[in-house]
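# Examining the three-dimensional arrangement
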Amino acid sequence: MRYFSKIFNNGLLFVLSFIVLLCVLEVAIRLLANFSPRLIQRSADIGGHYRPGLETRLIAPESGKSILVSINQLGFRGPQFPRNKSVNTMRVAIFGDSQTAAINMSQTNTLRDVLSTQLAKKFTDVDWQVMDFSVSGASTAQQLNLFRQRVKQYDVDLVICAFYNGNDFSDNSRQLSSNPRIY
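Residues numbered from 1 in each chain as written. Predicted model: local features only at pLDDT ≥ 70, side-chain atom pairs only at ≥ 80, totals over all residues. Heavy atoms only, no water.

## Some words on the pattern of salt bridges
Overall, the coordinates contain 4 salt bridges when judged by the stated rule. A salt bridge links D155 to K85; the nearest nitrogen and oxygen atoms lie 3.8 Å apart. One end of the pair, D155, is in the loop between helix 4 (140–151) and strand 7 (158–161); the other, K85, is in the loop between strand 4 (66–70) and strand 5 (89–95), and 70 residues separate them in sequence. Look at D155 and you get partly exposed, because its relative accessible area is 45%. We classify K85 as partly exposed; its relative accessible area is 24%. (Salt bridge = Lys/Arg side-chain N within 4 Å of Asp/Glu carboxyl O. Helix = DSSP H or I, 4+ residues; strand = E, 2+ residues; numbered from the N terminus. Buried < 20%, exposed > 50% of the residue type's maximum accessible area, 1.4 Å probe, protein only.)

Below, the structure written as C-alpha cells:
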C-alpha cells in the first residue's frame, strides 16, 4: 500500500509540475512574443472585412519592412468618404482580394492610391474619390454581395473588380473551396 501511495504522490507531483510549467510558458510567450492583431473580422451580411478603425504596424514577409496599416471605420484600407458626393465628383469603387488589398504594402503604393493620383493628374477638373473595398480572401460573389449591401449607397460611377483566376472563382463554390462564405 505504501508503495502505491508513493507512486501516486510522485505522479501527482509530476502532473502539477507540468501544469505549472505550461502556465509559466504561456505567460512568457504572451509577454515576450510580438503578436500581430487579428486583421480580418467576419460579418454575417458582407463576409470578411478588416477591423474597423485599426491602425497597426506589420512586418511585410516579402521585404521584412515595417508597414503602417490604417483601416477606415467601414473596415477597408484608404480614406473613408461621406455617403453623399458633391457636384463634379466621380467615384470609383475597387473590389479585390489580398493582391488588391495589398496589406503588406505601404498605402501609397496600393492600387487605390496610385489610381487616385493618376486620375487627379489627368482629369484636373474632376474630384476623384477612389474607394478600396478589397479584402484578403474575398471571392467575386462576396464582392458582389458587398456592393449590394454597403457600396451601392455611395453612388459610385465606376466599379473595378480585380480577380485572380487561381482561386477567386473557385472560392464561389462550396465543392471547390473551403473558404467561408455568407451566400
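## Brief notes about the packing of aromatic side chains
In this structure the tally under the stated criterion is 5 aromatic pairs. Centre to centre, the rings of F95 and F133 are 5.7 Å apart; their planes meet at 25°, and the pair counts as stacked. With F95 in strand 5 and F133 in the loop between strand 6 (127–132) and helix 4, this residue pair connects regions lying 38 residues apart in the sequence. Considered together, F95 and F133 belong to a single accessibility category, that of buried residues. Between F95 and F147, the ring centres sit 6.3 Å apart and the planes meet at 70°, which makes this aromatic pair edge-to-face. Note that F95 is positioned in strand 5 and F147 in helix 4, a separation of 52 residues in sequence. Judged by relative accessible area, F95 falls into the buried class, the value being 2%. Within the aromatic cluster, the residues linked to one another by ring pairs are F76, F95, F133 and F147. (Phe/Tyr/Trp six-rings, centres within 6.5 Å; stacked < 30°, edge-to-face > 60°.)

## Some points on a nonpolar patch on the surface
Judged by side-chain polarity, F8, L12, F14, V15, L16, F18, I19, L21, L22, L25 and I29 come together as a nonpolar surface patch covering roughly 1,100 Å² of accessible area. On the secondary structure map, F8 appears in helix 1 (residues 2–32). A residue is classified by how much of its surface remains accessible, and F8, at 56% relative accessible area, is exposed. (Patch = residues over 30% accessible without salt bridge, like charges linked within 9 Å, V, L, I, M, F, W, Y side chains within 5 Å. Areas by Shrake-Rupley, 256 points an atom, 1.4 Å probe, with all protein chains shown as cover.)

## With respect to the sheet that holds strand 5
In spatial order, the strands read 6-5-7; together these 3 strands make up an open sheet with parallel pairing. With one partner strand each, in any of the chains shown, strand 6 and strand 7 form the two edges of the open sheet. With strand direction ignored, the average angle separating the axes of adjacent strands in the sheet is 20°. Where strand 5 meets strand 7, 4 bridges bridge the pair, whose relative direction is parallel. Looking at the pairing, V92 lines up with L158 of strand 7. Seen against the sheet, helix 3 (residues 111–122) touches strand 5, strand 6 and strand 7 and runs at an angle of roughly 170° to strand 6. In this fold helix 4 packs onto strand 5 and strand 7, with an angle of close to 145° to the strand it touches most, strand 5. (Pairing = 2+ DSSP bridges. Axes fitted to C-alpha atoms, helices over the stretch in contact; angles between N-to-C directions. Contact = heavy atoms within 4.5 Å.)

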